[in-house]
Amino acid sequence: MFRQNSRLKHWLELLPTEVLRGRLSRKIAFWIFSGLVVIEIIILLPSYTRREQELLSNLEQSGMATLKPWVNLPWDSLSTETVSNIQNSLVFDHRLYGAVVISSTGQVIATFGKSPNLKVSDLDDSPITRSLHTNDLIYDVAWSPSAFDIEQYTVIASFDASEVKAEKNEYLWRIIGLIVLICLTVTLVTMLSLRPLVLRPIAQLRLDLQRVGLAINQDQPQPPLTTHTIRRQDELGEVVATFHLMVSQIYQAIQERKQVEYQLQELNENLSNTLTDLKAAQTSLVEAEKMAALGNLVAGVAHEINTPIGTSITVASTLNDETTVFLEAAQSGQLKRSVLNRYIEVAQTSAKLINSNLDRAGQLIQSFKQVAVDQSHESVRTFNLKDYLEDIGTSLQPQIKRSGHHLEIQGEDDIVLTLDPGIFAQIITNLVTNSIKHAYPHDNCGTLKLEITTAQDQVILEYCDDGCGVPSQCLSKIFDPFFTTARHLGGTGLGLHIVYNIVVQSLNGTIKVNSQENNGSQFIITFPLSSSVSLQHSEPEHSNT
């Protein structure tokens, strides 16, 4: 039963509809058929022309044979009646319409039937002149004397060529039928030969390509390939073998890609976790750096306040001792003018010293309180930029003074901003601390300058020192996080990174550094002036930036 079904399937595949089912099959069949048609036309067209010439030649020969007895009559010695009787007695070809005999001088000697369309004036120098006209139904022939085997007459005859045309058409249709039959037969045989050799393997290859493409698209394993049954030692076999190799390599590459993607996914997860930890650590370090700066500020201010407070305590103790002496003298009745004058002098001096030292301490405490609160809490308020920078300088003065440096603050007095002032406290504190730590090795002392100006709706804050400068190879990395040249001294590399982030993110500004070795460093901070107003105005303009 299986064999019968296989044979039936095989014979069904030989049907023309099956052979020409594919687009490639139809294209191949079309070009084979067209090529054969052109070849057959080239081969058989001359035979059609020869057949036409043979038929017309037979018509000429038959007509000439029947005309010769009539043309050879002695026309000069016969009467018209005799010519007519002889003409009636002669038997002409039934396809002959008529004929004319013309002398060498062009005079018509005899005629019968329908006169030919071909005239004497149409004749050329050839022995025979032919003309097929009237839709190939009438055929005129003119014979010269030499062609008709006569000495002096030219004969022009007109024939019925309808039979010739019919035979030509019949012959043409036979040729067309033969061409079609040959072309169809050769095309079908060729296609039947190409089907198992080329077309079926190509169809299998296309089906395998579709299966492989669908499997790859749906991320499925490699499907079974029908072309595995093809075992051939020709170009198509090489194509199939190359296809199998390509599929194998593709699936191997897919497996490798999946493995790499899995590894990359794990690596990305690890990197994501590492980045999260790094950001958390960086945030912690930044906060620690801020608090360390604030701690240094507290220590410096505490040390600076200790001097006026200690002086006030000493003076108060001296005043207390003098007051005790004065009271004892008054109670014992031994109070003298000299004792009273001394007490008054000491009291005045002590009050003056206590008042000046406590006022100095109060100023330090007030500046420190404002700067410390601004630096540790985010709050937006309106403030004068230069006055606030001077408060920052006052808070930093203990640290600057202890290291032997001098801070100068210059610039315009009428710049008012509505911002978080703690931003500037952090910027100036980090810049000053950076200069103290890095710009003056070997306990050298120098001058730190801070200047503010405005230009083209921009606030320009310029900070510079006259220290050792920054090496050229370090300038491009100076704002990078954790970059420091003094890690052995406890540097974290976050001070200038914090300054950069504050300027760019909080102030929407820019910061650049200019420095040469042994010529100091200059930091230029530029940010929009949109929040600044003049102090000459009665009401400052408030805006959120």
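Along each chain, the written sequence defines residue order, and numbers are assigned to residues from 1. The predicted origin of the model limits local features to residues at a pLDDT of at least 70 and limits the giving and counting of side-chain atom pairs to 80 or more, whereas totals for whole chains, interfaces and linings rest on all residues. The basis for the side-chain values is all heavy atoms of the structure; hydrogens and waters are excluded.

### What about the confidence of the model for the protein?
- Across the chain, each position has a pLDDT score giving the predictor's confidence in that residue, from 0 to 100. In the predicted model, the protein carries a mean pLDDT of 79, and 84% of its residues have values of at least 70.
- Working rule for contacts: check all heavy atoms of both residues, and any pair within 4.5 Å makes them a contact. Confidence drops under pLDDT 50 across residues 7–14; counting only partners more than four residues distant or on other chains, this segment forms 7 contacts.
- Here residues 531–545 is a poorly scored stretch, pLDDT under 50, and it has 29 contacts once near neighbours within four places are set aside; other chains count.

### Section: the sheet that holds strand β12 (residues 521–528)
- Reading across from one edge, β7-β9-β10-β12-β11 is the order of the 5 strands in this open sheet, with mixed pairing throughout. Each edge of the sheet is formed by a strand with only one pairing partner; in this case those strands are β7 (406–411) and β11 (510–515). The average angle at which neighbouring strand axes cross in this sheet is 15°, direction not considered.
- Whether two strands pair depends on DSSP finding at least two bridges between them. In DSSP terms, a helix is any run of H or I states spanning at least four residues, a strand is any run of E spanning at least two, and both are numbered starting from the N terminus. Of the pairings in the sheet, the one linking strand β9 (residues 447–455) to strand β10 (residues 458–465) comprises 8 bridges and is antiparallel in character. When the bridges of β10 are listed, Leu-450 appears paired with Tyr-463. Note on geometry: axes are lines fitted to C-alpha atoms, helical ones only across the stretch in contact, with angles between N-to-C directions running from 0 to 180 degrees.

### Some remarks on the sheet that holds strand β3 (residues 128–133)
- Ordered by their spatial adjacency, 5 strands build an open sheet running β2-β1-β5-β4-β3, and the pairing between neighbours is antiparallel. Both edges of this open sheet fall to β2 (108–113) and β3, since each of them pairs with a single strand only. Taken over all neighbouring pairs, the strand axes of this sheet differ in orientation by 10° on average, direction set aside.
- Pairing of strand β4 (residues 138–143) with strand β5 (residues 154–160), which is carried by 6 bridges, proceeds in the antiparallel orientation. The partner of Ile-138 across the bridge, within β5, is Asp-160.
- Packed on one face of the sheet, helix α3 (residues 23–71) meets β1 (96–102), β2, β3, β4 and β5 and runs near 55° to β4.

### A short note on the side chain of His-133
- You can see His-133 is positioned in strand β3.
- The buried category is assigned to His-133, whose relative accessible area is 17%.
- For the purposes of these results, a polar contact is taken to be a pair of N or O atoms within 3.5 Å, where, inside protein, one atom must be able to donate a hydrogen and its partner to accept one; residues adjacent in sequence count only when each atom of the pair is a side-chain atom. A polar atom in the side chain of His-133 sits 2.7 Å from the side chain of Thr-134.
- When residues no more than four places from it in sequence are discounted, the contact partners of His-133 are Asn-117, Ile-138 and Asp-140. Only protein chains enter the calculation, and the probe is 1.4 Å; a residue is then buried if its accessible area is under 20% of its type maximum, exposed if over 50%, and partly exposed in between.

### A word on the pairing of β10
- Here β9 folds back onto β10, and the loop between the two strands holds 2 residues, one of which, Gln-456, carries a positive phi near 55°.
- Bridge count between β10 and β12: 8 bridges; the pairing is antiparallel. Looking across to β12, one finds that Val-459 is bridged to Phe-527.

### A word on a nonpolar patch on the surface
- Each patch is built from salt-bridge-free residues with over 30% relative accessible area, joining like charges within 9 Å and nonpolar side chains (Val, Leu, Ile, Met, Phe, Trp, Tyr) within 5 Å. The Shrake-Rupley method, run with a 1.4 Å probe, gives the accessible areas here. Residue values count only the displayed protein chains as cover. Think of a salt bridge as a Lys or Arg side-chain nitrogen and an Asp or Glu carboxyl oxygen that are within 4 Å of each other. There is a patch of nonpolar side chains on the surface, built from Leu-172, Trp-173, Ile-176, Val-180 and Leu-184 and spanning about 460 Å² of accessible area.
- Counting through the fold element by element, Leu-184 comes out in helix α6 (residues 162–217).

### Side note on the pattern of salt bridges
- Summed over all chains, the structure comprises 10 salt bridges.
- Salt-bridge contacts for Glu-60 lead to Arg-130; the nearest nitrogen and oxygen are separated by 2.3 Å. Here the residue Glu-60 occupies a position in helix α3, and Arg-130 occupies one in strand β3, the gap between them amounting to 70 residues.
- Between Asp-136 and Lys-168 there is a salt bridge; the shortest N-O distance is 3.9 Å. Remark: Lys-168 occurs in helix α6 and Asp-136 occurs in the loop between β3 and β4; sequence separation between them is 32 residues.
- Judged by relative accessible area, which is 31%, Asp-136 ranks as partly exposed.
- Members of the salt-bridge network, linked through shared partners, are Arg-51, Glu-54 and Glu-167.

### Observations concerning the environment of Phe-148
- Position of Phe-148 relative to the elements: it lies in helix α5 (residues 145–148).
- Taking the relative accessible area as the measure of exposure, Phe-148 reaches 1% and is therefore buried.
- Considered as a pair, Phe-148 and Leu-67 are 81 residues apart in the sequence and their alpha carbons are 9.7 Å apart.
- Non-local contacts of Phe-148, meaning those with residues more than four positions away in its chain, are made with Met-64, Leu-67, Lys-68, Val-71, Trp-143 and Val-155.

### Section: the environment of Thr-484
- Within the secondary structure, Thr-484 is located in the loop between α11 (472–475) and α12 (495–506).
- Residues Thr-484 and His-438 lie 46 residues apart in sequence; the distance between their C-alpha atoms is 9.5 Å.

### A word on a positive patch on the surface
- A surface patch of positive charge is lined by Arg-23, Arg-26, Lys-27 and Arg-206.
- You can see Arg-23 is positioned in helix α3.
- Relative accessible area serves as the criterion here: at 63%, Arg-23 is assigned to the exposed category. Charge assignment: positive for Lys and Arg, negative for Asp and Glu; neither His nor the chain ends contribute. Where a charge sits is defined by one atom per residue type, namely NZ (Lys), CZ (Arg), CG (Asp) or CD (Glu).

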